[in-house]
Amino acid sequence: MRHGLLVLTVVMGAVGNAPGGTIHVPGDEPTIQDAINAAAASDEIVVAPGTYLETINFNGKTITVRSSDGPEATIIDANSSGPAVYCAGGVGPATIFQGFTVRGGQGSFGGGMRIAGGSSPTVTECLFMANAGTHGGGMYIEQSNPTVTDCVFESNVAGRGGGMLNVDSNPTVTGCRFTGNSAVGPPLGRGGGMHNAGSSSPLVQDCMFESNFVTSLGGGASNEHGAPVFIRCTFWGNAADLEPGGNLGSGGGMSNKASNATLINCVFEANTTSNVGGGLSASAPDGSVSVVTLFNCLFSGNTADVGGAGVTAGRAYVSLINCTLTANVSGGLGAGVYHSQLTGAEEVTTITNSILWGNVGNGGTSQGAQFDGVPPVINYSDVEGWTGSLGGVGNFGRDPRFVRDPDDGGDGWGVGDNDDFGDLRLRAGTKCIDAGDNSAVPADTFDLNTNGDTSEPVPFDLDYLARFRDDTGTPDAGPPGSGSPIVDMGAFEFSGFTTPADYDFDLDTDGDIDRDDFAFLAFCLSGPTFQYPPGHFCLAADADADQNIDLQEFGVFQLALAAE
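(A) Inspection of the nonpolar core at higher detail. Formed by 69 residues in total, the largest nonpolar core has its most connected members in Phe97, Phe230 and Leu263. Of all hydrophobic cores here, the second largest spans 17 residues; its members include Val267, Leu298, Ala491 and Phe492.

Structure (structure tokens):
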């Protein structure tokens, strides 16, 4: 079973310092809207536990509206009378909405919350649940750039953007969980969890897209146009099924349509589609193209009835760099990657430093089951059944020697509770070690290690361990003259580091790995400049034994959670 990466705090504290006065609800004003109407700039409204049957409008004010005891105790219920929360008027980050459950909202544009008019509020530690909207069930953002952190979007419904819809907007969405949302139309469903439309280019980090559903494109997330960025996100158990009228949906985990998306350190598992692109699809109408770049990404246990259970492309340039695709299952060929032959389309898929192994199509696990369709540009990759027909340099077909192979329990992926997505790190002795192309590793544009150098290569693998590490027991096999160390193939660098298969991340010792363990980890996060003293209880989470809890531990935990 999967769990989100979110912990909603119970003891609330204001996100920022409010220099104005404080208004208590219901102590000073009977309703939240009454308090907003009475508030002056920089005032803080503190709401006591209870259920508030109302809709609220920030009225363009720079104020803080927060609960005193968190979302479990404090509920705004719109009772289907309109969008539950409305924020417009060009407000900035100092306008804060914190610590509420928002439910029962309903509107054409935004059921739970609508943010518009060039606004950039801060929305944090909220649960948007059981809201409905034609556009944006949980949240609708139009021409605005809010910051949304540590929120849950659950069981919201819309035609587009069941959990969240962004239109010509660039929000920053961090640490959020999108679960059980659906986009079913009319109009045709787009983005069960999140839909990005127009010129929207959100930055989405450390988010979980789980068990979302769509009747067209993008069970977990859908991108149309724009240049969205997803970093350290997990897509699990999302589905794209039949459109109204019987057309087939695509992109169980994510759909990209005429979109320039970038994904770094993302995991796609157990996503499914009735058509193509169980994990991810990239396509475009005539006259346009998608450009999708994936680095350090993992695709495992995704399914597609037609083909491309891992990744499908058509009228798209898709680049897979240091990715691992295994145990994806389709009803046709190209179970790992499928690039469709479209009339007039000349785009190709580029595969570098990657592993395609154990993907199963109607041709078993042949080379055609790993990749089919328009021949890729492929170099320095391990492809099961490799025949050499795809060309390129540095390619072979040797067992990558995963620490533990995936196993669907014999009844298919997503059936029952016996799926084991394996441990896809490399064991010693595999030919994939020190065999990649260093020049293919992209620049650290988003400064993942926060050292201010965005021109260096991305320094981390999927575990957030060093992406470049020399294994002295393996001869270098990358391009001549590359120097040392040589990057490994696949999403993980071989490091000899203790893996989640062997490391106990059950930090609260309750027998499973879930959001409570993440709460422990989040509490202990310290960063690399601080060291815990010997014997400190936080050292239970110190996976790399350096006496601090940082992004290395987060990366390993993400995979331990995925393996649970």
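Picking up where we left off.
(B) Molecular detail of the environment of His195. Position of His195 among the secondary structure elements: in strand 23 (residues 194–197). Overall, the relative accessible area of 0% leaves His195 in the buried class. C-alpha separation for the pair His195 and Met254, spaced 59 residues apart in sequence, amounts to 9.7 Å. The contacts of His195, once residues within four sequence positions are left out, are Arg160, Gly161, Met164, Leu165, Asn166, Arg190, Ser222 and Glu224. Here the side chain of His195 touches Ser222 through a polar contact of 3.2 Å, side chain to side chain.

(C) Quick look at the pairing of strand 27 (residues 221–224). Neither face of strand 27 is open: one carries Ala221 and Asn223, the other Ser222 and Glu224, and all of them are buried. As paired strands, strand 27 and strand 31 (residues 254–257) are joined by 4 bridges and run parallel to one another. Bridge assignment links Ala221 to a residue of strand 31, and that residue is Met254.

(D) Fine view of helix 3 (residues 515–524). Listed as buried for helix 3 are Asp517, Phe518, Phe520, Leu521 and Cys524. One face of helix 3 carries all of its buried residues, which in axial projection span an arc of 155°.

(E) Structural context of the packing of aromatic side chains. Tallying each qualifying case throughout the model produces 13 aromatic pairs. Following the ring pairs from residue to residue traces out a cluster consisting of Phe128, Phe153, Phe178, Phe209, Phe230, Phe235, Phe268 and Phe299. Sitting over the face of the ring of Phe492, Arg425 holds its NZ or CZ atom 4.8 Å from the ring centroid.

The rules behind these values
Residues numbered from 1 in each chain as written. Predicted model: local features only at pLDDT ≥ 70, side-chain atom pairs only at ≥ 80, totals over all residues. Heavy atoms only, no water. Core = buried A, V, L, I, M, F, W, Y, C linked by side-chain atoms within 4.5 Å. Buried < 20%, exposed > 50% of the residue type's maximum accessible area, 1.4 Å probe, protein only. Helix = DSSP H or I, 4+ residues; strand = E, 2+ residues; numbered from the N terminus. Contact = heavy atoms within 4.5 Å. Polar contact = N/O pair within 3.5 Å; in protein donor to acceptor, adjacent residues only side chain to side chain. Pairing = 2+ DSSP bridges. Arc of directions from axis to C-beta. Phe/Tyr/Trp six-rings, centres within 6.5 Å; stacked < 30°, edge-to-face > 60°. Lys NZ or Arg CZ within 6 Å of the ring centre and 35° of its normal.

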